[in-house]
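Chains, contacts and geometry: an overview
Letter by letter, the chains look like this.
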Amino acid sequence: MVLLDAAGLTKRFGGFVAVDDVDITVDTGEVHSVIGPNGAGKTTLFNLLAGAYEVTAGEITFDGRDITDLPEHERPYLGISRGYQITNTYESLTVFENLQTAVALYHQNYYDMIRSLANRTEVTERVETLLERFELAPQRNVEASSLSHGDRRRLEIGMALASDPRLLLLDEPTAGMDAGETERTVSLIQELTDDMAVLLVEHDIEYVMTVSDVITVLERGAVIAEGPPGEIREDERVQEAYLGGKADA
Amino acid sequence: MSLAANILEGIIYGASLGMLYVLVALGLTLIFGLMEVVNFAHGAFVTLGAYLGISFLDLTGNFWLSMVLAGVVVGVLGLAIERTLIRRLYGEEPIYQLLLTFGLALLLEGAVILTYGQDNQLLSAPALLQGSPVPVGPATVPQYRVFLILFTGVLVAGIWLAIQRTKLGLIVKAGIEDRERAQMIGVRLSRVNMLIMAVGAGLAAVSGFLSGPLLGVSPQLGTGLLIVSFVIVVIGGLGNIRGTIISGLMIGILFSLTSFFYPSLANPVIYVAMAVVLLVRPEGLFGGVGS
Amino acid sequence: MSSEVAGYGQYRELLERLLDSPLRLVGYAVFLFALPRVLPIGIGTQIAILGLFALAFNLLFGYSGLLSFGHALFLGTGAYGAALLVVHLDGPPVAAILLAVLVFEGAIALVTGLLSLRLGGVYFSMITLAFAQFFYELSFTVDGLTGGSDGLLGVYRPSLFGAGLVDLADADNFYTLVALLVLLVLGFSFLLTRSTFGRALVAVRENEERTTALGVNTYRVKLIIFVISGMLAGMAGALQGLYIRFVSPDILFWATSGDAVLNTLVGGMHTLFGPIVGTLFLHWMEDTFFATSPGAWNVLLGAVFVFFVLFARSGIVGQLRSLLRRVADWADRREAETTSIAAESDD
Amino acid sequence: MLEVDGINARYGDSQVLWDVSLSVGDGEVVGLLGRNGAGKTTTLSAIAGVQPPSTGTVTFDGKDITGQSVSAISRQGIKLVPEDRRPFDGLTVRENLELSTDTTNGEDWDVPRALGEFTQLDERANQRAGDLSGGEQQMLVIAMALVGNPRLVLLDEPMEGLAPQIVDQIVDIVRRVREANIPVLLVEQNVDVCLELIDRGYLLHKGEIRMSGSAAELADATEEIDRYLGIRV
């Protein structure tokens with residue numbers, strides 16, 4: 001089933017076309033990765049889908065609903081959630097409080113000024129589940145700013161998952177991780193996709209080839225190939241995009 | 001007097017006042033553009049300039065020399081404050097720089113009160129400019145006003161040209177646009193910061209001294225001008241040199257024209273102008289940061 | 001909250017529980033009702049009212065990080081509003097005045113907030129300052145209403161509920177009313193700190209981008225706290241007008257906004273009670289030094305403030321808290337050493 | 001000329017460079033190849049002082065420059081051409097060049113010469129840099145480095161995101177820099193282009209140097225190239 005369908009997506013910054021007429025669809029339950037050389041427009045595309053940037057042209061449909069102009073803060077309520085490329089947590093809050101914030105602001109009425117957050121057992125329970133699932137329980141009282149990089153990346157994903165999304169957008173979740181941490185994250189993501197779709201922006205090719213069902217390759221803002229990992233691996237244009245090959249071809 | 005003469009006079013009076021605002025706001029905007037510090041102490045530089053100028057005038061009897069001396073002394077003070085205090089907070093949240101300079105403003109204003117007392121001081125235009133008003137078309141304008149427009153006009157034009165045409169100006173513009181990139185081509189930004197802080201403080205002091213004959217000199221003189229400068233940079237865009245000059249003039253003329261026709265509304269009207277700009281174009285009339 | 005203090009030693013844990021306990025409100029109550037026994041009641045009342053003003057300011061600044069340099073706007077219009085109601089309506093009950101002022105200030109805060117929140121960061125500070133200055137200038141313009149620079153005379157204190165019920169001309173009664181309102185606001189702040197909305201505010205302050213991505217309308221969140229803060233500051237203003245029984249444009253001057261900033265930072269901006277402590281401390285300093293020389297007082301105030309910005313940003317209360325935490329940690333370490341020595345000697 | 005010895009760098013809590021050592025000799029064009037995120041830009045940042053390494057040393061012309069400020073390193077003749085191009089958009093082409101002129105280390109290059117060499121820029125000398133096309137901006141930032149009379153140019157992905165015919169022009173420009181005997185450390189993902197330009201090169205993968213050698217040696221190492229740079233994994 002098609003969950004996310006973006007058609008003719010274009011983003012211009014001044015005269016520069018960062019994303020150029022991109023079509024992309026994500027089905028329920030699939031891991032869909034977007035790869036490409038530096039400057040290909042991956043992160044811009046990601047921000048368009050998440051609603052952080054306004055679309056110049058094209059439209060985005062989620063679960064049959066047109067969300068092209070839907071404000072970023074309303075997208076989580078449809079089931080879209082995002083992580084950040086540069087870890088973007090609440091630095092001075094503890095791991096527990098970070099997850100508690102993510103859970104409470106989504107699941108509770110965040111205009112409630114009276115009732116104590118700590119007494120919301122349903123929030124606390126969800127946080128505990130997330131702590132277990134992301135193996136962060138031992139660091140629960142550690143401030144996010146003092147976590148190791150891998151732990152922080154997992155906290156980042158955990159916060160994005162707090163809203164029980166149907167589509168999770170992740171921007172380079174394994175950036176800066178060592179092999180072991182990457183492996184843990186890979187298996188985590190694979191577990192996730194039983195009940196949700198994941199759209200990944202990645203540059204770690206090995207990792208992309210392992211986890212993806214479908215890969216879209218961008219170059220200079222445009223899609224140059226799309227298909228399962230095996231196909232992409234053998235695609236001439238993709239080879240060229242990565243290894244160069246001059247224009248005289 | 002005819003309506004046309006009234007309007008013309010309003011515009012000329014407004015331009016003379018507006019140019020004084022521009023001198024204050026330019027320093028504010030340059031300091032913010034380069035250092036990302038909103039300098040609350042800028043108003044204290046204005047006040048200090050006026051009072052020091054009066055002291056120098058008592059000492060030397062020369063209006064022009066006193067103006068220059070006040071500018072230089074306050075400029076050096078600004079430089080010293082940048083070196084010793086403000087630079088400690090570079091890269092921190094802007095709120096703390098704002099709070100720090102607010103404390104400095106209190107301190108400097110207190111020092112003025114301590115030295116000169118609370119009462120207003122009299123500062124009159126130099127004898128040279130106290131002759132009979134100058135006819136300008138159907139209007140007549142006091143000589144000092146005409147001088148103010150010419151002098152501050154030349155000063156602002158000089159600054160504008162220096163920024164547009166000299167290498168130093170290029171460095172300032174480049175620093176405002178992208179500090180890190182400027183350092184990559186070898187610019188010593190910390191020296192530029194010092195210079196701009198000194199120039200900004202000096203201009204504020206000159207503006208304070210020159211506004212004395214118009215507005216009277218009180219310990220609150222500078223803060224009044226500072227708040228109007230805030231309105232100007234909100235309209236013109238912080239760090240936007242051209243926008244600051246144009247909106248400074250506009251606010252001066254708006255104030256002056258209103259005070260000709262509805263004197264009691266002259267002060268409030270500039271804030272209404274700001275509110276309207278915020279409503280219609282929150283990013284400022286002249287776009288964002290830039291030249 | 002126990003899960004969040006786990007991992008500390010027992011003294012530290014005890015301290016954290018204490019610091020987070022509603023019992024603090026009892027402490028504040030004791031403090032407030034002891035104040036007029038220690039200080040002349042006039043000074044106590046003044047500190048309580050200005051403390052309330054700082055408290056209202058800190059609801060905005062401390063939680064959401066928005067530095068308003070224009071809170072005099074609310075204090076001043078609140079004072080004028082209350083005074084005008086008394087003068088023109090022949091002394092309506094104070095309870096009604098306070099309610100009317102709350103509504104009126106809510107409307108003012110909504111309009112100014114909608115505009116000043118359109119730009120973030122330092123622009124917010126400059127714009128709020130300019131709006132306050134607008135009302136300051138306006139108070140001279142509409143001198144038929146406000147009395148211009150002469151101020152508004154003939155204000156008196158009607159009874160709280162009308163028909164002479166709870167006479168507020170009585171200094172003790174008036175102080176009790178102020179103290180109860182301060183406690184009410186402290187109680188509200190306490191609840192807010194622990195509530196979901198309080199967390200939303202902290203989240204906006206710490207990382208607005210992430211908070212938006214979590215599904216929060218951050219503009220609206222900021223607007224709501226701005227309006228609440230403005231309403232409460234306006235209420236403090238109404239009390240001030242009734243207390244001094246005279247309102248002049250001075251109350252709208254930028255220096256009044258500055259007082260809220262000073263009192264809050266010196267007392268402790270991320271603390272509940274800091275603004276009150278800061279108001280008390282600076283008021284005491286002013287009483288001691290201002291009389292001798294206003295200039296010297298300004299120099300001293302500026303210097304104290306610069307010192308706090310550079311070296312003690314958490315303010316008096318914040319510094320005390322971290323001192324207590326250090327003592328508790330020290331006690332825990334000491335006990336751990338003693339136990340381990342005891343354990344060794346057992347072997 | 002440039003000696004980088006065992007530098008480690010972190011980004012926040014994650015280590016992104018592990019004991020990276022490399023050197024650039026007089027008049028040499030050296031390539032640094034690697035995929036996205038391999039640590040190439042971080043290496044250049046560490047050399048230029050934008051992000052000083054946590055350990056290890058950077059020696060330039062026999063002098064330890066580790067930890068010096070960005071502007072101090074620049075004035076010693078190391079000119080970084082950053083990957084996101086970044087001329088000063090609000091300034092004209094000519095102003096950008098005037099601003100970047102630095103005669104501390106020589107006077108071979110000045111604005112007239114730069115405009116003479118890059119005729120395309122000469123035609124647009126009085127236009128705002130922000131209004132140039134991507135390729136022209138790339139030319140401009142390289143010209144900005146040249147008028148700084150560099151003793152070493154750090155060139156970060158100059159071909160990135162450019163159309164093929166523009167890539168040819170940039171390749172040509174880098175050749176001319178090389179002919180002017182200015183040493184270059186070139187970071188590039190485009191392997192064919194890079195190998196054509198360089199004397200020697202290093203292969204960076206996940207923050208570590210995995211291979212180094214002459215251009216010919218690298219060209220023969222198809223297996224490593226594929227593994228570390230391509231997408232066949």
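Being a predicted model, the structure only gives us computed values, none of them experimental.

Definitions and cut-offs
- Residues numbered from 1 in each chain as written.
- Chains lettered and ligands numbered in written order.
- Predicted model: local features only at pLDDT ≥ 70, side-chain atom pairs only at ≥ 80, totals over all residues.
- Heavy atoms only, no water.
- Helix = DSSP H or I, 4+ residues; strand = E, 2+ residues; numbered from the N terminus.
- Rg over C-alpha atoms; globule rule 2.2 N^0.38 Å.
- Buried < 20%, exposed > 50% of the residue type's maximum accessible area, 1.4 Å probe, protein only.
- Contact = heavy atoms within 4.5 Å.
- Areas by Shrake-Rupley, 256 points an atom, 1.4 Å probe, with all protein chains shown as cover.
- Buried area = accessible area lost by both parts, 1.4 Å probe.
- Salt bridge = Lys/Arg side-chain N within 4 Å of Asp/Glu carboxyl O.
- Polar contact = N/O pair within 3.5 Å; in protein donor to acceptor, adjacent residues only side chain to side chain.
- Nonpolar A, V, L, I, M, F, W, Y, C, P; charged D, E, K, R; others polar.
- Pairing = 2+ DSSP bridges.
- Axes fitted to C-alpha atoms, helices over the stretch in contact; angles between N-to-C directions.
- Patch = residues over 30% accessible without salt bridge, like charges linked within 9 Å, V, L, I, M, F, W, Y side chains within 5 Å.
- Lys, Arg positive; Asp, Glu negative; His and termini not counted.
- Charge placed at Lys NZ, Arg CZ, Asp CG, Glu CD.
- Domains from an automatic or database assignment.
- Phe/Tyr/Trp six-rings, centres within 6.5 Å; stacked < 30°, edge-to-face > 60°.
- Lys NZ or Arg CZ within 6 Å of the ring centre and 35° of its normal.

Turning next to the overall build of chain A. Each helix and strand counted, chain A has eight helices and ten strands in total. Relative to the compact-globule value of 18 Å for 249 residues, chain A shows a C-alpha radius of gyration of 19 Å, a close match. The C-alpha extent of chain A, read off along each of the three principal axes, is 65 × 40 × 35 Å. Per-residue burial over chain A gives 60% buried out of 249 residues. Taking as baseline every contact in chain A between residues at least 6 positions apart, the subset at least 24 positions apart corresponds to 65%. By element, 45% of the accessible surface of chain A is carried by carbon and sulfur atoms, the whole surface being about 9400 Å².

Turning next to the interface of chain B and chain C. Listed per partner, the contact involves 45 residues of chain B and 42 residues of chain C. Here chain B packs against chain C, burying approximately 3900 Å² in sum over the two surfaces, 82% of which is carbon and sulfur. Among the residues chain B hides against chain C, the three largest losses belong to Leu99, Phe102 and Leu106 of chain B. Together they make up 15% of the total. On inspection of chain B and its partner chain C, the count reaches one salt bridge. Our count for the chain B to chain C interface comes out at six residue pairs in polar contact (both at pLDDT 80 or more). Breaking the side of chain B that touches chain C down by element, the ones donating at least two residues are helix 4 (94–116), helix 9 (221–236) and helix 11 (266–280) of chain B. Per-element tally for the side of chain B that touches chain C: the top contributor is helix 4 of chain B, with 16 residues. Looking at the side of chain B that touches chain C residue by residue, the classes come out as 33 nonpolar, eight polar and four charged.

Let's shift gears to the sheet that holds strand 6 (residues 78–81) of chain D. All names here are of chain D. Pairing in this open sheet of six strands is mixed, and the strands run 6-7-8-3-9-10 from one edge to the other. Each edge of the open sheet is held by one strand with a lone partner, namely strand 6 and strand 10 (208–214). Across this sheet, the average inter-strand angle for adjacent strands is 15°, counted without regard to direction. Note that strand 3 (residues 29–33) and strand 8 (residues 184–188) share five bridges and pair parallel. Note that in strand 8 the partner of Val29 across the bridge is Val184. Set on the sheet, helix 1 (residues 40–48) makes contact with strand 3, strand 6, strand 7 (152–156), strand 8 and strand 9 (200–205); between it and strand 7 the angle comes to about 150°.

The subject of this paragraph is helix 3 (residues 93–100) of chain D. Because the α-helix completes a turn every 3.6 residues, residues three or four places apart line up on one side. When you tally the buried positions in helix 3 of chain D, you get six out of eight residues, the bulk of the element. Taken together, the buried positions of helix 3 of chain D are Val93, Glu95, Asn96, Leu97, Leu99 and Ser100 of chain D. Where helix 3 of chain D is buried, its residues contact helix 5 (143–165) and helix 6 (167–177) of chain B together with helix 4 (111–117), helix 5 (119–123) and helix 6 (134–147) of chain D.

Another aspect to go through is the side chain of Asn217 of chain C. Within the secondary structure layout, Asn217 of chain C lies in the loop between helix 11 (208–213) and helix 12 (218–244). For Asn217 of chain C, a relative accessible area of 13% corresponds to the buried category. In this structure, Asn217 of chain C is in contact with His73, Tyr110 and Tyr111 of chain A, ignoring residues within four places of it in sequence.

This part covers the pairing of strand 3 (residues 31–35) of chain A. All names here are of chain A. Among the five residues of strand 3, five are classified as buried, and the element is accordingly described as predominantly covered. Where burial is concerned, the two faces of strand 3 agree: the one with Val31, Ser33 and Ile35 and the one with His32 and Val34 are both buried. Two elements, strand 3 and strand 9 (residues 214–219), share four bridges in a ladder whose sense is parallel. Counterpart to Ile35 in the pairing with strand 9 is Val217.

Here we come to the interface of chain A and chain D. Every contact between the two is made by 29 residues of chain A and, on the other side, 30 residues of chain D. A combined buried area of about 2600 Å² lies between chain A and chain D, and 52% of that area is made up of carbon and sulfur atoms. Taken together, the links from chain A to chain D amount to zero salt bridges. Across the contact surface, chain A and chain D share zero residue pairs in polar contact (both at pLDDT 80 or more). Elements supplying a minimum of two residues to the side of chain A that touches chain D: helix 4 (149–161), helix 6 (205–211), helix 7 (229–234) and helix 8 (236–243) of chain A.

Residues and elements named next belong to chain A. On the surface, Asp5, Asp20, Asp21, Asp23, Glu54, Glu59, Asp66, Asp69 and Glu226 cluster together into a negatively charged patch. Element by element, the count of residues in the negative patch is highest for strand 2 (residues 16–27), at three residues. In this fold, Glu54 is placed in the loop between helix 1 (42–50) and strand 4 (57–62). Look at Glu54 and you get exposed, because its relative accessible area is 67%.

Along the chain, Thr42 of chain D falls in helix 1. Setting aside chain neighbours within four positions, we find Thr42 of chain D in contact with Ala9, Val16, Leu17 and Gln51 of chain D.

Side-chain pairing between opposite charges can occur once the charged atoms of the two side chains come close. Applying the stated rule across the entire model yields 33 salt bridges over all chains. Residue Asp178 of chain B is joined to Arg86 of chain D by a salt bridge in which the shortest nitrogen-to-oxygen separation is 2.9 Å. Here Asp178 of chain B is found in the loop between helix 6 and helix 7 (179–184), whereas its partner Arg86 of chain D is found in the loop between strand 6 and helix 3 on a different chain. The exposure class assigned to Asp178 of chain B is buried, which follows from its relative accessible area of 19%. Two residues, Arg194 of chain C and Asp20 of chain C, come together in a salt bridge whose shortest N-O distance is 3.7 Å. Note that Arg194 of chain C is positioned in helix 9 (residues 171–194) and Asp20 of chain C in the loop between helix 2 (10–19) and helix 3 (23–38), a separation of 174 residues in sequence. Residue classification places Asp20 of chain C among the partly exposed positions, given a relative accessible area of 25%.

Our next topic: the domain arrangement of chain A. Residues and elements named next belong to chain A. Splitting chain A by domain gives domain 1 (2–87 + 165–246) and domain 2 (90–146). With five residues of domain 1 in contact, the opposing surface of domain 2 contributes six residues. For the domain 1 face of the interface with domain 2, the top three residues by lost area are Tyr77, Arg184 and Leu188, together amounting to 64%. There are zero salt bridges connecting domain 1 and domain 2. Seen at the junction of domain 1 and domain 2, the total is one residue pair in polar contact (both at pLDDT 80 or more).

Here we come to the arrangement of the chains. By number of contacts, the leading pair among the four pairs of chains in contact is chains B and C. When C-alpha atoms are compared, chain C and chain D, though not in contact, are closest at a spacing of 17 Å.

Moving on, we come to a nonpolar patch on the surface. All names here are of chain B. Nonpolar side chains collect at one region of the surface, where Leu3, Ile7, Ile11, Phe261, Tyr262 and Leu265 lie side by side and expose about 550 Å² of accessible area between them. Turning to its location among the elements, Phe261 is positioned in helix 10 (residues 241–261). Overall, Phe261 belongs to the partly exposed group, its relative accessible area being 35%.

With that settled, the discussion passes to the packing of aromatic side chains. For any two aromatic rings, the description comes down to two numbers: the centre-to-centre distance and the angle of the planes. On inspection of all chains with the given rule, the structure shows 32 aromatic pairs over all chains. Measuring from centroid to centroid gives 5.7 Å for Phe13 of chain A and Tyr53 of chain A, while their planes differ by 85°, and the two rings are edge-to-face. Within this pair, whereas Phe13 of chain A is found in strand 1 (residues 2–13), its partner Tyr53 of chain A is found in the loop between helix 1 and strand 4, the two being separated by 40 residues in sequence. Chaining the aromatic ring pairs together yields one cluster made of Phe40, Phe102 and Phe230 of chain B together with Phe69, Tyr136, Phe140, Phe253, Trp254 and Phe305 of chain C. Above the plane of the ring of Phe174 of chain C lies Arg157 of chain C, whose end atom (NZ or CZ) is 4.5 Å from the centre. Taking NZ or CZ as reference, Arg113 of chain D lies 3.8 Å from the ring centre of Trp109 of chain D, over its face.

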